[in-house]
Amino acid sequence: MAATTKCWDRWDATALAILLAVCGLQFTFVLRTSAPVGVFEDDGVYLVTSRALATTGQYVRDDLPGRPFQTKYPILYPLLLSLVWRAAPQFPHNIPLFQAVNALCAAGALWLAYRIVRTLLGDGGRAALASATMVSAAGTCFFWVSLIQFPMSEPLFALLTLAALRPLVRSPAPAARSSAPARSPAALISGAMAAAAFLTRSIGIAVIISVVTSWLLRRRWRQAALSALPALLAMCGWAAWSNWAARQNAELPLHAALKFDLDYGAWLPGNAASLARVGAYNTSALAWSLAQYTLEPDPRWIDRAARCDAALGDVPFAAAVALAVAAVIACLVLGARAVRGTPAMPILLFLACYFGVVLLWPFRPDRFVVPTLPLTVPLTIIGAGRLFPGRGGTSHQNACIGLALLLAAHGVMVTAWRLNPEAARRLSAQREAAAELLRARAAPDAVVAGLNRGYYHLMSGRRFVPLMPYDDPYALYYPPDRRWWSGGRDVSLGQIDAHRRVLDQRETDYFRAAGVRAVLLTDDGGVESRLFARFAAQHASRFTVAGDAGPARLWRVTISPP
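Described in the following lines is the structure provided in the data block. (Residues numbered from 1 in each chain as written. Predicted model: local features only at pLDDT ≥ 70, side-chain atom pairs only at ≥ 80, totals over all residues. Heavy atoms only, no water.)

1. Focus on the nonpolar core
Part 1 of the argument: Membership of the largest hydrophobic core comes to 125 residues, with the highest contact counts inside it found for Phe-91, Trp-144, Tyr-354 and Leu-373.
Part 2 of the argument: Element by element, the count of residues in this core is highest for helix α4 (residues 95-121), at 14 residues.
Part 3 of the argument: Leaving out residues up to four positions away in the same chain, Tyr-354 has contacts with Phe-157, Ile-203, Ala-206, Phe-368, Pro-371 and Thr-372.
Part 4 of the argument: Counting residues in each nonpolar core, the second largest holds 33 residues, with Ala-449, Ala-514, Leu-521 and Trp-555 among its members. (Core = buried A, V, L, I, M, F, W, Y, C linked by side-chain atoms within 4.5 Å. Buried < 20%, exposed > 50% of the residue type's maximum accessible area, 1.4 Å probe, protein only. Helix = DSSP H or I, 4+ residues; strand = E, 2+ residues; numbered from the N terminus. Contact = heavy atoms within 4.5 Å.)

The structure is reproduced here in structure tokens:
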């Protein structure tokens, strides 16, 4: 068993100074590039529902026609953001406050990660410095910083997950249980934090399972029951409210047309074949994401490797990426083996459970990796440090410090390069121009279809619906011809054909059922925008151009009732 650390010592003060510097650097990058929300779609939904909680007390989707209840995302993160709306209701001027909330959550998550990693490495100055620098390498990762920039739930989820695991890592080993205190408060804290993680993101079920299972494996039956109690209350409470809200939504005229956007029912695998297909493809995508988020290569370079074709001469790119992916996964496994033992068991159990759920979740797993970075990056560095020759743990810790400093420096450079203030200002100007076009050319009661819906609803007050019905995600995102190697980073012909079929066979009926009278799209080079522009040109009698604002175009939709 690894040695337990003291509650506080001078090395913790040094680590705190390092982590505060990292967090200050994060927030400096974020404030310099305060881009508008809506890039992920989810961030727009979080802001819309949090404003509804602040103004009406109801957890509803103000951006959708009929204002249905939100039953897809749990309530805790929007509830937190609603406090910002109450204090500063002027959008988009309150965006820095939303970013500040995320920055505080990220800072707390990094500190908890440091305390966990230091407990795994044991006492001593080098162990403390190694822990602080390895966690800093995760905190300077561009993908971690980018999800502070937008109002996304990952920083809060990471904070609550680590808060749930921390009491378990501090808990005594089974061999010492006869003389150890009962630690009932620790069990209640871990269970309450796991419940809060579930109420932040549905995948928090993995946190609950790992917390309760960890107590059971230690034969702490009372603590397992105490930790399960708040988790069961949270799950049952959310399930009961969601079922009630779903029944209310079912009475809305547009429910059938928008059901896929209101809950996860249409997205979950319905048979073993779909489950196997999702698991196989997500295994590749998860490996890509772990390697990319740890090493942070140039995105153009890694995308070129994903589209490797021997006839185009890109085999060296694919080979280099294959080696990088294999190396990162191997080092992660080595790091897990190096820290295995009673204190590390809850951490390894959580990662196994969490990634197991991610593999079967029918979405690209890259964003799901971000909340685990404060754990996976240190474990990967620990594994890489074991490869360096030397006697005793000191040389390995020195290697970990050196590798962590290299990754942190590289992360800062990548983040500074990719979070470009000029590009952010240009994007903001384009979005504001598109919102002005919408206010000028679309009636106040018009239903608009498009992307970035939450942002444009907040800027214009118009109701929005998705561009097309996405109730068959397996055809759209897991087509049979999708290459396993690419990790989902290339677009296959089958995926393009699936989107085209949705447009040709269902778009007119969907627009009619949803009452769509306008479409607002930005030419971002994506499959949806390119195919819809072609679809609108082929049906010019139904779609007339109402105006352009930079890369954004507004169409008026004329579809006769059935």
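2. Some remarks on the side chain of Asp-43
Part 1 of the argument: Its place among the elements puts Asp-43 in helix α2 (residues 42-55).
Part 2 of the argument: Although buried, Asp-43 forms no salt bridge, and the nearest oppositely charged side chain, Arg-431, lies 7.2 Å from it.
Part 3 of the argument: Excluding its chain neighbours within four sequence positions, the residues that come into contact with Asp-43 are Val-37, Gly-38, Phe-150, Pro-151 and Met-152. (Lys, Arg positive; Asp, Glu negative; His and termini not counted. Salt bridge = Lys/Arg side-chain N within 4 Å of Asp/Glu carboxyl O.)

3. Overview of the pattern of salt bridges
Part 1 of the argument: By the definition in use, this model includes 17 salt bridges.
Part 2 of the argument: Its salt-bridge partner being Glu-422, residue Arg-425 comes within 3.1 Å of it at the nearest N-O pair. Separated by three residues within a single helix, Arg-425 and Glu-422 lie in helix α19 (residues 421-441), roughly one turn from each other.
Part 3 of the argument: One salt bridge in this structure joins Asp-490 and Arg-483, with 3.1 Å as the shortest N-O distance.
Part 4 of the argument: Where salt bridges share partners, they join Glu-41, Arg-61, Asp-63, Asp-261 and Arg-453 into one cluster.

4. What about the sheet that holds strand β2 (residues 463-465)?
Part 1 of the argument: Read across the sheet, five strands follow the order β2-β1-β3-β5-β4 without closing on themselves; strand pairing throughout is mixed. The sheet is open, and its two borders are formed by β2 and β4 (543-549), each paired with just one other strand. For this sheet, the mean inter-axis angle between neighbouring strands, taken without regard to orientation, is 30 degrees.
Part 2 of the argument: Its contacts with the sheet place α19 against β1 (447-450), β2, β3 (516-522), β4 and β5 (552-557), and it is angled at close to 135 degrees to β4.
Part 3 of the argument: Running at roughly 120 degrees to β3, helix α22 (residues 493-514) makes contact with β1, β2, β3, β4 and β5 of the sheet. (Pairing = 2+ DSSP bridges. Axes fitted to C-alpha atoms, helices over the stretch in contact; angles between N-to-C directions.)

5. Regarding the packing of aromatic side chains
Within a pair of aromatic rings, the relevant descriptors are the distance that separates the centres and the angle that separates the planes.
Part 1 of the argument: For the coordinates displayed, the defined rule picks out 33 aromatic pairs.
Part 2 of the argument: Taking the centre distance of 6.1 Å and the plane angle of 65 degrees together, the rings of Phe-91 and Tyr-455 count as edge-to-face. Note that Phe-91 is positioned in the loop between α3 (76-87) and α4 and Tyr-455 in helix α20 (residues 453-460), a separation of 364 residues in sequence.
Part 3 of the argument: Overall, the relative accessible area of 2% leaves Tyr-455 in the buried class.
Part 4 of the argument: Measuring from ring centre to ring centre gives 4.0 Å for Phe-143 and Tyr-293, while their planes differ by 20 degrees; the resulting arrangement is stacked. Here the residue Phe-143 occupies a position in helix α6 (residues 142-149), and Tyr-293 occupies one in helix α12 (residues 272-295), the gap between them amounting to 150 residues.
Part 5 of the argument: Residue Tyr-293 is classed as buried on the basis of its relative accessible area, which comes to 6%.
Part 6 of the argument: Members of the aromatic cluster, joined through ring pairs, are Phe-260, Tyr-470, Tyr-510, Phe-511, Phe-532, Phe-535, Phe-543 and Trp-555. (Phe/Tyr/Trp six-rings, centres within 6.5 Å; stacked < 30°, edge-to-face > 60°.)

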